[in-house]
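An overview of the molecular structure
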Amino acid sequence: MFDHKYLKLIVFSTTILLLFNSCKNEFKGNDYVAYFGGEVVNPNSTFVLFCKDNDVIDTLKLDKNNRFFIKFDSLVPGLYTFKHEPEYQYVYFDKNDSIMMNVNTKDFDGSLIFCGRGDEKNNFLMDLYLRNEKDKNSMFEVFDYDIEKFTKTIDSSYSDNKAFYTKNKEIINWKTDFDNFAKAAVDFHHYSKKELYPIVHLLRTGNDVVEKLPSDYYDYRKTIDYNNETLNSFSPYVMYLSQMLNNMGAINYHNHFTEVDLALKTNINKMNIADTLIKNQKVKNTVLNNIAFTYLLEDQNMVNNQTFLETYHKYSTDKSKKNEIIKIGNAIKLLKTGNPLPEVALIDSKGNTISSGTFAKKNTVIFFWTEKLESHLIGAHKKIMAFKAKYPNWEFIAINLNDNHQEWLNALKHFDFKGTTELHSKDFEDLKAKWAITKIHRTIVIDNNGKIKNAFANIFDVNFEDNFK
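Residues numbered from 1 in each chain as written. Predicted model: local features only at pLDDT ≥ 70, side-chain atom pairs only at ≥ 80, totals over all residues. Heavy atoms only, no water.

1. Structural notes on the overall build of the protein
In terms of helices and strands, the protein carries 14 helices and 15 strands. Computed over the C-alpha atoms, the radius of gyration of the protein is 25 Å, within 12% of the 23 Å expected from 2.2 N^0.38 for a compact globule of 469 residues. Based on the C-alpha atoms only, the size of the protein along its principal axes is roughly 70 × 60 × 45 Å. Looking at the 469 residues of the protein, the share that counts as buried comes to 47%. For the protein, the proportion of contacts with a sequence separation of at least 24, taken over those separated by at least 6, is 66%. Considering the protein, the positive charge centre built from 60 side chains and the negative charge centre built from 61 side chains are found 3 Å apart. (Helix = DSSP H or I, 4+ residues; strand = E, 2+ residues; numbered from the N terminus. Rg over C-alpha atoms; globule rule 2.2 N^0.38 Å. Buried < 20%, exposed > 50% of the residue type's maximum accessible area, 1.4 Å probe, protein only. Contact = heavy atoms within 4.5 Å. Lys, Arg positive; Asp, Glu negative; His and termini not counted. Charge placed at Lys NZ, Arg CZ, Asp CG, Glu CD.)

2. Quick notes on the packing of helix 6 (residues 176–205) against helix 7 (residues 235–248)
For any two helices packed against each other, the geometry is given by the interaxial angle and the distance between the axes. At their nearest, the axes of helix 6 and helix 7 sit 9 Å apart, and the two run at 20° to each other. Our classification of the angle between helix 6 and helix 7 gives roughly parallel. The interaxial crossing formed by helix 6 with helix 7 has left-handed handedness. Here Ala 184, Ala 185, Phe 188, Tyr 191, Ser 192, Glu 195, Leu 196, Pro 198 and Ile 199 of helix 6 come into contact with helix 7, specifically with Pro 236, Tyr 237, Met 239, Tyr 240, Gln 243, Met 244, Asn 246 and Asn 247. (Axes fitted to C-alpha atoms, helices over the stretch in contact; angles between N-to-C directions. Parallel < 35°, antiparallel > 145°, perpendicular 65-115°, else oblique. Left-handed = near helix turned anticlockwise from the far one by under 90°.)

3. Observations concerning the confidence of the model for the protein
On average, residues of the protein score 88 in pLDDT, and 91% of them are at 70 or above. In the model of the protein, helix 2 (residues 17–24) stands out as the element of lowest mean pLDDT, 44, in contrast to helix 5 (residues 147–172), which has the highest, 97. A low-confidence stretch, residues 9–27 (pLDDT under 50), is modelled with 30 contacts involving residues beyond four sequence positions or located in other chains. (pLDDT = per-residue confidence, 0-100.)

4. Topic: unusual backbone geometry
Glycine aside, residues mostly have negative phi angles, and peptide bonds mostly take the trans form. The linkage connecting Glu 85 with the following residue, Pro 86, adopts the cis geometry, with an omega of 10°. Here Pro 86 lies in the loop between strand 5 (78–84) and strand 6 (87–93). Backbone geometry at Asn 96 places phi at a positive 65°, although glycine is not the residue there. Structurally, the position occupied by Asn 96 is in the loop between strand 6 and strand 7 (98–104). Phi is positive for Asn 173, which is not a glycine, with a value near 55°. Structurally, the position occupied by Asn 173 is in the loop between helix 5 and helix 6.

As structure tokens, this is what we get:
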């Protein structure tokens, strides 16, 4: 049967054929003119961000047909990303490429196609990404296998991916610079599975296989360049480094520590290893930021956080104002028990601006939700309604974290929440910076004087009701 995705590609390509023909005449031997455009079906916003190494190069506005187009007078060849929140993907440009993309937000990765000069290598990278994602989804039971069966299974998958890579490399005949990314996407997906195996196998089966691993199991580590700045923003490489450090940084004799102390010691251990192993400061900063963000996302022990951040600042040279870890660390310092809750601006359903400073009249529970995570928003509101019935003198405030105000209003009509005061974040970046919001499950409890009782609670915690005492 004919693949409708490729039928769509033919139609899409035809609509821009004249455009690309006109572009080709402008290429000169020494210039770096390049073109990028496309269409976003069912857009979430009115723009696409074009980025390099997480820095926004340009904001591309969608027209009335949800399309965008830009000419770059000089674009350095390399790997870029385009973002249409909350999704993103990679696009690789060689000299003078003219690339158009088409994507449907209802199935962002599965629908994404490229056409134009430079399309073949980008469609290969996308196809390989989808292959790897499908493989990830089938891995759960594979981690239960004994080491021999596990190795045989993942080696077979690795061979298939290498054959797919080799075939396309011969057909497309891409350059060495692109090959760095293509080969990395194949290799590091495989290496990550090997790093994950002893950890996940123990969690799922209770069996520790570390002593049973073959002596050459980690030999591939000797071939890896841990200072590859070119791959520093490429997810397969960064994810592998994270998985490897999770594996190498694990503490075996964990029964000697409480859960929060174990988390602290493990993550400091990971940073120590990263500092020893990685000499390129840019790569090291990326890895340290990933370790720190993950740790601060999960653990909110105030004393341990400060100890962790001291080690982080000792190794990291990323002192920029854009550094999320610095922002989170500064916010955490202000969220100690007994401190006033930092003031942020919110909006009610009638469009009125509400200051969080007005929450001081009652003991209050503040929780967060987004319609993009429907199971959480329903579960959280049900939990809160039960608390409201049990603790009628308490105030319960729900804050929606989405950018789109109208989508929030539509969700309120659809779900008809009761027992809560529903508000919308007026400036999410300000709220995130002041309240250290890094995950949707965060809950903040304040007393009737507006002082913090617990800034890092979770309504689904079995001991949450201790906060009402």
